[in-house]
Number of protein chains: 2
Amino acid sequence: MTKTILLKNRPKGRPTTSDFEFVTEDNDPKISDGELLLETTYVSVDPYLRGRMSDAKSYVPPFELNKPIQSGVIAKVVASKNSKFNEGDFVSGMLDWKTKQVSNGEGLLKVDGNKAPLSAYLGILGMTGMTAYLGLNEIGKPKAGETLVVSGAAGAVGSVVGQIGKILGLRVIGVAGTDEKIEMLKSKFGFDAGINYNTTKDIKGAIAEAAPNGVDIYFDNVGGPISDALLFNINKFARIVICGAISVYNETELPKSISVQPFLVKNSALMQGFIVSNYSDKFPEAMKHLSGWLSEEKLTYSETIVDGFDNIPNAFIDLFDGKNKGKMIVKI
Amino acid sequence: MTKTILLKNRPKGRPTTSDFEFVTEDNDPKISDGELLLETTYVSVDPYLRGRMSDAKSYVPPFELNKPIQSGVIAKVVASKNSKFNEGDFVSGMLDWKTKQVSNGEGLLKVDGNKAPLSAYLGILGMTGMTAYLGLNEIGKPKAGETLVVSGAAGAVGSVVGQIGKILGLRVIGVAGTDEKIEMLKSKFGFDAGINYNTTKDIKGAIAEAAPNGVDIYFDNVGGPISDALLFNINKFARIVICGAISVYNETELPKSISVQPFLVKNSALMQGFIVSNYSDKFPEAMKHLSGWLSEEKLTYSETIVDGFDNIPNAFIDLFDGKNKGKMIVKI
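Chain A has the name NADP-dependent oxidoreductase in an unreviewed UniProt entry, where Joostella atrarenae is given as its organism.

> Could you clarify how one ought to interpret the sheet that holds strand β9 (residues 171–176) of chain B in this entry?
Within a beta sheet, neighbouring strands are joined by backbone hydrogen bonds and run either parallel or antiparallel to one another. As summarised here, the arrangement of the 12 strands in space is β10(A)-β9(A)-β8(A)-β11(A)-β12(A)-β14(A)-β14(B)-β12(B)-β11(B)-β8(B)-β9(B)-β10(B), forming an open sheet in which the pairing is mixed. Edge strands, defined here as strands with exactly one partner in the open sheet, are β10 (193–196) of chain A together with β10 (193–196) of chain B. Each neighbouring strand pair of the sheet contributes to a mean axis angle of 15°, computed without reference to strand direction. Taken together, the four bridges between strand β12 (residues 234–242) of chain A and strand β14 (residues 270–273) of chain A define a ladder with parallel strand orientation. If you follow Ile240 of chain A over to β14 of chain A, its bridge partner there is Met271 of chain A. Together, β8 (147–151), β9 (171–176), β11 (215–220), β12 and β14 of chain A form the strand contacts of helix α6 (residues 224–231) of chain A, whose direction differs from that of β11 of chain A by roughly 170°. Contacts from helix α4 (residues 179–187) of chain B reach β9 and β10 of chain B, with the element oriented near 170° to β10 of chain B.

> Got a minute to help me understand the environment of Glu296 of chain B in this structure?
Counting through the fold element by element, Glu296 of chain B comes out in the loop between α8 (283–295) and β15 (303–307). For the pair Glu296 of chain B and Gln272 of chain B, spaced 24 residues apart in sequence, the C-alpha to C-alpha distance is 32 Å.

> Explain the relation of the copies chain B and chain A to me, please; I cannot follow it from the model alone.
Once turned by 180° and shifted 0.0 Å along the axis, chain B lies on chain A with an RMSD of 0.1 Å. Here the copies are linked by what is in effect a two-fold axis. Here 100% of the interface residues in chain B have copies in chain A that are interface residues too; the copies meet face to matching face.

> How do you make sense of the packing of helix α5 (residues 203–210) of chain B against helix α6 (residues 224–231) of chain B when you look at a structure like this?
What describes two packed helices is the angle between their axes and the distance between those same axes. All names here are of chain B. Put simply, α5 and α6 touch, their axes get as near as 8 Å, and they point 50° apart. Viewed along their axes, α5 and α6 adopt a mutual orientation that is oblique. The way α5 lies across α6 gives a crossing that is right-handed. On α6, the residues touching Ile203, Lys204 and Ile207 of α5 are Ile226, Ala229 and Leu230.

> Honestly, the interface of chain B and chain A in this entry has me stumped. Any pointers?
Often, the extent of an interface is quoted as the loss of accessible area on bringing the components together. The partner chain A presents 37 residues to the 36 residues of chain B that form the contact. Interface area, chain B with chain A, both sides summed: about 3100 Å², of which 59% is carbon and sulfur. When the buried area of chain B at its contact with chain A is split by residue, Gln261, Val265 and Lys266 of chain B rank highest and sum to 19% of it. Across the contact surface, chain B and chain A share zero salt bridges. At the junction of chain B and chain A, the tally comes to 12 residue pairs in polar contact (both at pLDDT 80 or more). Counting only elements with at least two residues in the side of chain B that touches chain A, the list comes to β12 (234–242), β13 (256–258), α7 (261–266) and β14 (270–273) of chain B. Here the side of chain B that touches chain A takes five residues from α7 of chain B, the largest share from any one element. By residue class, the composition of the side of chain B that touches chain A is 20 nonpolar, 11 polar and five charged.

> When you look at unusual backbone geometry in this model, what are you seeing that I'm missing?
Among all residues except glycine, the phi angle is most often negative; among peptide bonds, the trans geometry is most common. Positive phi outside glycine occurs at Ser268 of chain A, with the angle close to 45°. Looking at the secondary structure, you find Ser268 of chain A in the loop between α8 (261–267) and β14.

> So what exactly am I meant to see when it comes to the packing of aromatic side chains here?
Aromatic ring pairs are described here by two measures, namely the spacing of the ring centres and the angle between the planes. The full count for this structure, using the stated rule, is 14 aromatic pairs over all chains. Between Phe22 of chain A and Phe309 of chain A the ring centres are 6.3 Å apart and the planes differ by 80°, which places this aromatic pair in the edge-to-face class. Here Phe22 of chain A, found in strand β2 (residues 20–25), pairs with Phe309 of chain A, found in the loop between β15 (303–307) and α10 (312–318); they are 287 residues apart in sequence, far enough to count as distant. With a relative accessible area of 36%, Phe22 of chain A lands in the partly exposed category. Consider the rings of Phe274 of chain B and Tyr279 of chain B, whose centres lie 5.0 Å apart with planes at 20°: the pair is stacked. Accessibility assignment for this pair places Phe274 of chain B and Tyr279 of chain B in one class, buried. Among the aromatic side chains, those forming a connected cluster through ring pairs are Phe20, Trp97, Phe316 and Phe320 of chain A. The aromatic ring of Phe232 of chain A is capped on one face by Lys204 of chain A, whose charged end is 3.9 Å from the ring centroid. The residue whose ring lies beneath Lys110 of chain B is Phe85 of chain B, and the NZ or CZ to ring-centre distance is 5.7 Å.

> Quick question: what am I supposed to make of the pattern of salt bridges here?
When charged atoms on two side chains of opposite charge get close, those side chains can pair. As enumerated under the stated definition, the model contains 26 salt bridges over all chains in all. As a salt-bridge pair, Glu64 of chain A and Lys67 of chain A come within 3.2 Å of each other at their nearest N and O atoms. One salt bridge connects Arg14 of chain B with Asp321 of chain B, and the closest N-O pair in it is separated by 2.3 Å. Note that Arg14 of chain B is positioned in the loop between β1 (2–7) and β2 (20–25) and Asp321 of chain B in the loop between α9 (312–318) and β16 (327–331), a separation of 307 residues in sequence. By relative accessible area, which is 39% here, Arg14 of chain B ends up partly exposed.

> Explain α8 of chain B here, please?
Quick reminder: α-helices carry 3.6 residues per turn. Residues three or four places apart thus point the same way. Residue and element names in this part refer to chain B. The end-to-end C-alpha distance of α8 is 18 Å, a good match for the 18 Å that 13 residues give at a rise of 1.5 Å each. Of the residues making up α8, those classed as buried are Phe283, Ala286, Leu290, Gly292, Trp293 and Leu294. Backbone geometry just downstream of α8 places Glu297 in the positive-phi region, at approximately 60°.

> Explain the confidence of the model for chain A to me, please; I cannot follow it from the model alone.
The predicted coordinates of low-pLDDT regions are not to be read in fine detail. When pLDDT is averaged along chain A, the result is 93; 98% of the residues meet or exceed 70. Both scores are given for the predicted complex: the pTM is 0.86, the ipTM 0.85.

> Quick question: what am I supposed to make of the side chain of Ser227 of chain A here?
Position of Ser227 of chain A relative to the elements: it lies in helix α6. For Ser227 of chain A, a relative accessible area of 2% corresponds to the buried category. In this structure Ser227 of chain A touches Tyr218, Asp220 and Val222 of chain A together with Gln261 of chain B, once residues within four positions along its chain are discounted.

> I'm lost on α4 of chain B in this one. Help?
Residues and elements named next belong to chain B. For α4, the full list of buried residues reads Lys181, Ile182, Met184 and Leu185. Down the axis of α4, the smallest arc covering the buried residues is 160°, so these residues share one side. Within α4, the exposed residues directed more than 90 degrees away from the buried face are Asp179, Glu180 and Ser187. Elements that come into contact with the buried residues of α4 comprise β9 and β10.

> I'm lost on the pairing of β9 of chain A in this one. Help?
One face of the sheet, then the other: side chains in a regular strand alternate in exactly this way. All names here are of chain A. Within β9, five of the six residues are buried, leaving the element largely enclosed by the surrounding structure. Inspection of the sheet shows β8 paired to β9 by five bridges, in the parallel sense. Note on β9: the bridge partner recorded for Val149 is Ile173. Handedness of the crossover is the feature at issue here: the chain leaves β8, passes through helix α3 (residues 156–167), returns alongside β9, and the resulting connection is right-handed. As paired elements, β9 and β10 share four bridges and run parallel to each other. Residue pairing for β10: Ile173 is matched across the bridge by Ala193. The parallel pair β9 and β10 is bridged by helix α4 (residues 179–187), and the resulting crossover is right-handed.

What counts as what
- Residues numbered from 1 in each chain as written.
- Chains lettered and ligands numbered in written order.
- Predicted model: local features only at pLDDT ≥ 70, side-chain atom pairs only at ≥ 80, totals over all residues.
- Heavy atoms only, no water.
- Pairing = 2+ DSSP bridges.
- Helix = DSSP H or I, 4+ residues; strand = E, 2+ residues; numbered from the N terminus.
- Axes fitted to C-alpha atoms, helices over the stretch in contact; angles between N-to-C directions.
- Contact = heavy atoms within 4.5 Å.
- Least-squares fit on C-alpha atoms with pLDDT ≥ 70 in both.
- Parallel < 35°, antiparallel > 145°, perpendicular 65-115°, else oblique.
- Left-handed = near helix turned anticlockwise from the far one by under 90°.
- Buried area = accessible area lost by both parts, 1.4 Å probe.
- Salt bridge = Lys/Arg side-chain N within 4 Å of Asp/Glu carboxyl O.
- Polar contact = N/O pair within 3.5 Å; in protein donor to acceptor, adjacent residues only side chain to side chain.
- Nonpolar A, V, L, I, M, F, W, Y, C, P; charged D, E, K, R; others polar.
- Phe/Tyr/Trp six-rings, centres within 6.5 Å; stacked < 30°, edge-to-face > 60°.
- Buried < 20%, exposed > 50% of the residue type's maximum accessible area, 1.4 Å probe, protein only.
- Lys NZ or Arg CZ within 6 Å of the ring centre and 35° of its normal.
- Expected span 1.5 Å × (residues − 1).
- pLDDT = per-residue confidence, 0-100.
- Arc of directions from axis to C-beta.
- Right-handed = clockwise from strand over helix to strand, strands pointing away.

Next up, the structure:
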């Protein structure tokens, strides 16, 4: 039996379970020469998928209606007619939300469960870690002694960004939505300070207090009012990495905010959209540092693991309420 | 007799003549060893001066109340006790709004009225030309065949940016505020297309039509609704040079606009504040190209020359109504 999750409707605003449809087929898919049969082990759910559910021009084409949704997946090779993969191998890749599927092996990477837990290849040793490492380094261009602010700091990417910031000698301030998360940022991930945006009335003032020397790098996962407040605190030559804008993904009207242009010109500051796939030539460098720091225990990570294929849509929707700590993963 | 213009009040919103005070002294200033007596010939008035009239943190310190205002000035050396300058030399520099003043020569450049009209050293061969050349090249990073949109296109900087764009093989679209200016952009400066923002209802659509391949570089002198409309038309890896935001300089409330972050992340696009003084190491390179193109007649420029020291404040205020074509200069 094979279960598949299709995109049934393009969500209006916040996604709901009715935007997804489950389809069950009785027979297992068959493989031909050169193909593999994969059984899904872990599925990554990520805020950026919201963008692909809309029918708008973006850096990746939108998902098609009534077709399977795709995301980062770890799968086990259960049958192989492809010489590059053996039965029992685990692979990672952009795959369908399906319990079983056929692949020709293209775009799949073998992963080693002895070196790190398999789920880590969706997170700190996968796109999450690459995004954190490359976004911070390629756009943020950190220099020891500078001050870094990370929004969505308790999220999968944010928590890694902050830790890399500390490894590189920065003062690191995290913005997150609960006191528990702020506590975790400081005790588990080594952030220097944290701001709970839900209980802080004057976010602009709180950033100023936490960053007495001003902000040199802002790693922005959220957009919206937090990012507005940040602009008042940037230093000359500040770099703002726009990695995501979760606070506005579900807006049905075009979001408004204060004009960034006067802040950028006053401070000779830079703001740049970051998409990890543009930096694939640097993946080996990123992987080398991330796995090195992980084995030296300089880097740690959080996962929120949800059980069961049927819970994929709910796990995805829960991202928008910040129910995850670190990477949100569904175990099949 | 020496006249001086002081900043009397920090303007609230649009500057008015009552924000300025004229002071007259009967005696000419005296010079000591190492000093020069300068007689002002041309005074540059520029939108960025509005920023220095406010008491806000910026890339240059604010003007002090009851002190002379400064801007780019061409002056004649009428007496010299400094071996580097002779009576009769003309110099350019950041100088006071005064008919006569003393200088120790620091920061002054000799200019040659035989090579180009003296006023050109405030414009195309001065900060204006440097800003156009370096902003376009250092942040815009143009590649032949790309599409460039310039706002404030009939202004001093904008008209040079567009011409350099044409020299470098770009498709160039200018946005300006009258049909007469649009006509000038096309006939005098060689722009491929122009959009009159005062008579065009759908600016977003008009940009799309003028830029069928999308926009790769936006040289932004204005901010506000034009810049909002532009965001819908950017290509992947677009570069937005924030050179000025004249549309919001006089706002008394913090200006709002659509959130740029989702556009930047969708398109891996860059937006960066440009201030010419950060690139002083490249001035010789810029000067070489600008004077070369000028003598080859690949580059031309417009000036609006206003007569009389007493008209400096009005000439400055008129900038905000777009009364200038090209560089606004006051001849003393």
